[in-house]
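Letter by letter, the chains look like this.
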Amino acid sequence: MAFELPKLAYDYNALEPYIDAQTMEIHHSKHHAGYTNNLNNAIKDSELENKSIEDLLGNISNYSVAVRNNGGGFYNHKLFWDIMSPKGGGEPSGDLLNAIDKNFGSFVDFKNLFNKAAATRFGSGWAWLVKQEGKLLITSTPNQDNPLMDLAEVKGTPILGLDVWEHAYYLKYQNKRPDYIEAFWNVIDWDQVAKRFG
Ligand code: MN3
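The notes below deal with the structure included here. (Residues numbered from 1 in each chain as written. Predicted model: local features only at pLDDT ≥ 70, side-chain atom pairs only at ≥ 80, totals over all residues. Heavy atoms only, no water.)

## Brief notes about unusual backbone geometry
Note the threshold: Strands here are runs of E lasting at least two residues and helices are runs of H or I lasting at least four, both read from the DSSP assignment and numbered beginning at the N terminus.
Across the junction of Glu 16 and Pro 17, the peptide omega takes the value 0°, indicating a cis bond. With respect to the helices and strands, the residue Pro 17 is situated in the segment before helix 1 (21–43).

Structure follows, in structure tokens:
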């Protein structure tokens with residue numbers, strides 16, 4: 001039961017001008033494909049082949065570095081593609097907006113905190129909005145770690161994630177990570193985030 005590289009719901013150029021087509025193509029067809037293949041190789045012919053990705057991540061401290069890095073990479077990028085859309089942007093509504101207001105004060109306060117988590121993650125990693133026992137939290141993780149992992153500092157269900165590896169933005173934004181972070185808000189699909197919030 002090998003993991004499969006998920007197809008995107010939109011074309012590589014669909015998130016222009018915020019995320020450029022070349023970055024999207026390399027990111028999906030090379031990086032995400034690489035994590036997927038390497039995850040499959042790392043679990044091949046072991047009992048891990050029958051586990052779900054969530055099950056693997058939730059017990060990741062028991063497994064190899066290859067499963068941790070590539071299992072995280074497989075899951076994180078799937079979430080990332082899912083929560084973006086060419087019709088994205090704007091602000092959330094309903095229960096999700098209420099929860100954001102309650103946990104962070106306002107949407108603007110939430111955005112500032114998330115941006116700070118993304119901008120200050122040293123080196124490669126991810127910024128996250130996490131649901132934890134009814135609360136919302138912002139956190140960041142190094143490398144391909146994520147909040148589902150049993151060894152994460154802040155654990156919970158990620159409902160929004162931003163890849164801040166240089167491969168996610170360097171072709172268009174070079175060293176200007178804050179510009180990439182700001183552009184991301186134009187492509188967030190809040191309906192998808194709300195679905196994960198539940
Ligand atoms: Mn990436």
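Read on for the rest.
## Structural notes on helix 5 (residues 107–120)
In an α-helix, one full turn covers 3.6 residues, which means residues spaced three or four apart are oriented alike. Defined as follows: A helix is expected to span 1.5 Å for every residue after the first. Each residue gets one of three labels from its accessible area relative to the maximum for its type: buried under 20%, exposed over 50%, partly exposed in between, using a 1.4 Å probe on protein chains only. Here the arc refers to the directions that run from the helix axis out to each C-beta atom. By definition, residues are in contact when any of their heavy atoms lie within 4.5 Å.
An ideal rise of 1.5 Å per residue puts 20 Å on 14 residues; helix 5 measures up with 20 Å between its terminal C-alpha atoms. Taken together, the buried positions of helix 5 are occupied by Phe 107, Phe 110, Phe 114, Asn 115, Ala 117 and Ala 118. An end-on view of helix 5 places all buried positions within 160° of arc, on one side of the element. Opposite the buried face of helix 5, at more than 90 degrees from it, the exposed residues are Val 108, Lys 116 and Thr 120. Where helix 5 is buried, its residues meet helix 4 (94–104), strand 1 (125–132), strand 2 (135–142), strand 3 (157–163), helix 7 (177–184) and helix 8 (190–197).

## Here's the deal with the sheet that holds strand 1
Counted only if it meets this: Strand pairing requires that DSSP identify at least two bridges connecting the strands. The axes used here are C-alpha line fits, helices contributing only the stretch in contact, and every angle between their N-to-C directions lies in the interval 0 to 180 degrees.
On the basis of which strands lie adjacent, the open sheet formed by 3 strands has the order 2-1-3 and antiparallel pairing. Of all the strands in the sheet, just strand 2 and strand 3 have a single pairing partner and so form its edges. Neighbour-to-neighbour, the strand axes of the sheet open up by a mean angle of 20°, direction not taken into account. Judged from the 6 bridges that link them, strand 1 and strand 3 form a sheet pairing that is antiparallel.

## Notes on the packing of aromatic side chains
Rules: Stacked, tilted and edge-to-face are the three classes assigned to paired rings of Phe, Tyr and Trp, where Trp is represented by its six-membered ring and a pair needs centres within 6.5 Å; plane angles under 30 degrees give stacked, over 60 edge-to-face, the rest tilted.
Summed over all chains, the structure comprises 19 aromatic pairs. With a centroid separation of 6.1 Å and an interplanar angle of 50°, the aromatic rings of Phe 110 and Phe 114 are classed as tilted. One end of the pair, Phe 110, and the other, Phe 114, are both in helix 5, 4 residues apart, so they sit about a helical turn from each other. Between Phe 184 and Trp 185, the ring centres sit 6.4 Å apart and the planes meet at 65°, which makes this aromatic pair edge-to-face. Here Phe 184 and Trp 185 have matching classes, each one buried.

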